[in-house]
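Chain by chain, the residues:
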Amino acid sequence: PTTFHADLSVNYDAVGRMVRRARRFGVRIFELTAGNSKYHVLSYDEIKGVTRAMVEAAGGIGLTIAATGPWPAEQSLEYARFAESLGADAVQVLLPEGLEDHSSQEAEDALVQHFEAIAAGTRLAIVLHGIYTASVMRRLVAIDSVVAMKEDGELTFYIDRIIEFGDQIEIFS
């Protein structure tokens, strides 16, 4: 989670302390998420600052997963390159605004193109974040750098995705 001072400014030092303390207790996976990390109250520069604090505090020990907001491909790619420059291991890409409903072929194509553009522009592993139709999932897991998915659906959705895609990517909730 993102930590704050009493005046609601971001407390980057506390983010670092939290990660370093977790390392002392054997935690080896550090991840931001647009929800738990409170992106809706942060500026883009603050999100980048929280990312920097997490990656630097992890110190190359374990796995660091940066996370986009519901951004267009250009911003998601710029952020992924920023996270990559810091030494992050992966970027969790949230469904972009406007493409949450990908039930039509046109919308599905646009969503897949969104992920293809990000994958083509960074060496980071990609973690999907959101609820994807099985049809879209089949296309996304074909992208080499898509390695995992943080699902946000109901239990039956989660189980269905594990059954169909669990041998191709890591799926966690």
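The sections below set out a description of the structure shown in this document. These numbers come from a predicted model, not from an experiment.

1. Remarks on the pairing of strand 2 (residues 63-67)
Consideration 1: Judged by how many residues are buried, strand 2 sits mostly within the fold: 4 of 5 residues are covered.
Consideration 2: Relative to strand 2, strand 1 (residues 29-31) runs parallel, the two being bridged by 3 bridges. When the bridges of strand 2 are listed, Glu-31 appears paired with Ile-65.
Consideration 3: Once the chain exits strand 1 it traverses helix 2 (residues 44-58) before rejoining the sheet at strand 2, and the crossover so formed is right-handed.
Consideration 4: Of the strand pairs in this sheet, strand 2 and strand 3 (residues 90-94) are connected by 3 bridges, and their pairing is parallel. By the bridge assignment, Ala-67 is partnered in strand 3 with Gln-92.
Consideration 5: Crossover strand 2 to strand 3 through helix 3 (residues 73-86) is right-handed.

2. Brief notes about the sheet that holds strand 3
Consideration 1: Overall, parallel pairing links the 6 strands, which are arranged 1-2-3-4-5-6 in an open sheet. The open sheet has two free edges, formed respectively by strand 1 and strand 6 (170-172), since each of these has just one partner strand. Across the sheet, the mean angle separating the axes of adjacent strands is 20 degrees when strand polarity is ignored.
Consideration 2: In the packing of helix 4 (residues 105-121) onto the sheet, the strands contacted are strand 3 and strand 4 (125-129), and the crossing angle to strand 4 comes to about 155 degrees.

3. Section: the nonpolar core
Consideration 1: In this structure, Tyr-39, Phe-115, Ile-126, Leu-128 and Tyr-132 are the most contacted members of the largest nonpolar core, which totals 48 residues.
Consideration 2: In terms of residue count, the dominant contributor to this core is helix 2 (6 residues).
Consideration 3: The residues contacting Tyr-132, other than those within four sequence positions of it, are Val-93, Leu-95, His-102, Leu-111, Phe-115, Met-137, Leu-140, Met-149, Phe-157 and Arg-161.

4. Brief notes about the packing of helix 2 against helix 3
Consideration 1: The N-to-C vectors of helix 2 and helix 3 enclose an angle of 30 degrees; their axes lie 10 Å apart at closest approach. As the angle between them shows, helix 2 and helix 3 are arranged roughly parallel. Seen along the crossing, helix 2 lies across helix 3 with a hand that is right-handed. On helix 3, the residues touching Tyr-44, Ile-47, Lys-48, Thr-51, Arg-52 and Val-55 of helix 2 are Gln-75, Glu-78, Tyr-79, Phe-82, Ala-83 and Leu-86.

5. Some details on the pattern of salt bridges
Consideration 1: This structure, assessed with the given rule, holds 7 salt bridges.
Consideration 2: A salt bridge links Glu-56 to Arg-52, with the nearest nitrogen and oxygen atoms 3.5 Å apart. Remark: Arg-52 and Glu-56 occur in helix 2; sequence separation between them is 4 residues, near one turn of the helix.
Consideration 3: Glu-56 sits in the exposed class, given a relative accessible area of 52%.
Consideration 4: The partly exposed category is assigned to Arg-52, whose relative accessible area is 36%.
Consideration 5: Its salt-bridge partner being Arg-139, residue Asp-109 comes within 2.7 Å of it at the nearest N-O pair. Here Arg-139 lies in helix 5 (residues 134-140) and Asp-109 lies in helix 4, a separation of 30 residues in the sequence.
Consideration 6: Taking the relative accessible area as the measure of exposure, Asp-109 reaches 25% and is therefore partly exposed.
Consideration 7: Overlapping salt bridges bring together Glu-108, Asp-109 and Arg-139 as one network.

Rules and cut-offs
Residues numbered from 1 in each chain as written. Predicted model: local features only at pLDDT ≥ 70, side-chain atom pairs only at ≥ 80, totals over all residues. Heavy atoms only, no water. Buried < 20%, exposed > 50% of the residue type's maximum accessible area, 1.4 Å probe, protein only. Helix = DSSP H or I, 4+ residues; strand = E, 2+ residues; numbered from the N terminus. Pairing = 2+ DSSP bridges. Right-handed = clockwise from strand over helix to strand, strands pointing away. Axes fitted to C-alpha atoms, helices over the stretch in contact; angles between N-to-C directions. Contact = heavy atoms within 4.5 Å. Core = buried A, V, L, I, M, F, W, Y, C linked by side-chain atoms within 4.5 Å. Parallel < 35°, antiparallel > 145°, perpendicular 65-115°, else oblique. Left-handed = near helix turned anticlockwise from the far one by under 90°. Salt bridge = Lys/Arg side-chain N within 4 Å of Asp/Glu carboxyl O.

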